[in-house]
Amino acid sequence: MNRLLFCAFFSALGLTLSACHNREDEASPSTGTTTGTSSTTTTVGAGVPEVYKKIYGATSITTDGTYVTIKTTGTPDHKSVYYATTNSLYETFSGKTFGDNTFSKNPNSIATQNFTFKIPLNPKVASTHSATNLGAIGVSLNGVPFFNQYAGPNQPLSGEIVSFDQWWGHPAPTSEYHYHVEPKYLTTVKATKSSLLGFLLDGFPVYGPEENGALVASSSLDAYHGHTHATADYPNGIYHYHITASDPYINGSGYYGTAGTFSK
């Protein structure tokens, strides 16, 4: 199927054009759909809801009817100063980064990972809200993990912000690239500041810092950094998180729902 017909087909199903950018679709009677980009091929299993197909950076997305399992390499599809200089996605960077801070590179580098995110297919509010852990708390559309607002146990993120690259992410000492704050490449290139940007491990979606053309104020969100109403992807309404420019950035005092699992 040529790309224009592919995009038209998925547009009719409610996907944005950014979700099918440079992708080709190949039907498979047993596993659903296989899609590909220059860097990632995504196998989509039968029964996966359309909204999850927006995670274009996954290697596979499947469901058993209870959980959605998303596998990714964790490597960003945008340029970064943290890639090896021999990598085609390497780009030098200096100057200002997130929060108008002067960039200071950390000693880490990006390496390919083997991540598995297993999240509830039908998320529900938890009776007891567990705290978000250090490490991955969710997955973004390009397969890069979301991290919470801490640099370490009870350590504010303020000391790490200077090491965010040109697209506001950075690698950990384990070479796991991640976003603590707004994934600028997604909000300015692949999607918009009001778009769906990914999901936390509890299955609830994460949206950008704007809504109806206006910035979302942290004061309008609950303790978990979200609220409930209809969105373009969920016209019947759903609880969803919003990324903002101030602490806690992505998530507040814990998961709104019951978190699934992350493994590597």
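Shown above is the structure to which this text applies.
Residues numbered from 1 in each chain as written. Predicted model: local features only at pLDDT ≥ 70, side-chain atom pairs only at ≥ 80, totals over all residues. Heavy atoms only, no water.

Chemist: Break down the environment of T174 for me, citing the residues and quoting the values.
Modeler: With respect to the secondary-structure elements, T174 resides in the loop between β13 (170-171) and β14 (177-178). Residue T174 is classed as partly exposed on the basis of its relative accessible area of 47%. In this structure the C-alpha to C-alpha distance between T174 and Q113, which are 61 residues apart in sequence, comes to 9.7 Å. Here E176 takes part through its side chain, which lies 2.7 Å from a polar atom of the side chain of T174. (Helix = DSSP H or I, 4+ residues; strand = E, 2+ residues; numbered from the N terminus. Buried < 20%, exposed > 50% of the residue type's maximum accessible area, 1.4 Å probe, protein only. Polar contact = N/O pair within 3.5 Å; in protein donor to acceptor, adjacent residues only side chain to side chain.)

Chemist: Kindly report on the pattern of salt bridges, identifying the contributing residues and their values.
Modeler: Scanning the model with the defined rule gives four salt bridges in all. Between K193 and E182 there is a salt bridge, with the nearest N and O atoms lying 2.6 Å from each other. With K193 in the loop between α2 (184-190) and β15 (196-200) and E182 in the loop between β14 and α2, this pair connects stretches of sequence that are 11 residues apart. (Salt bridge = Lys/Arg side-chain N within 4 Å of Asp/Glu carboxyl O.)

Chemist: Quick one: what's the story with the sheet that holds strand β20 (residues 238-242), residue by residue and with numbers?
Modeler: The sheet built from six strands is open, its strands ordered β10-β9-β15-β16-β20-β19 with mixed pairing. One side of each edge strand has no neighbouring strand; the edge strands of this open sheet are β10 (145-146) and β19 (226-229). Pairing analysis gives three bridges linking strand β9 (residues 138-140) to β15, with the strands arranged antiparallel. Pairing of V139 across the sheet is with F199, part of β15. (Pairing = 2+ DSSP bridges.)

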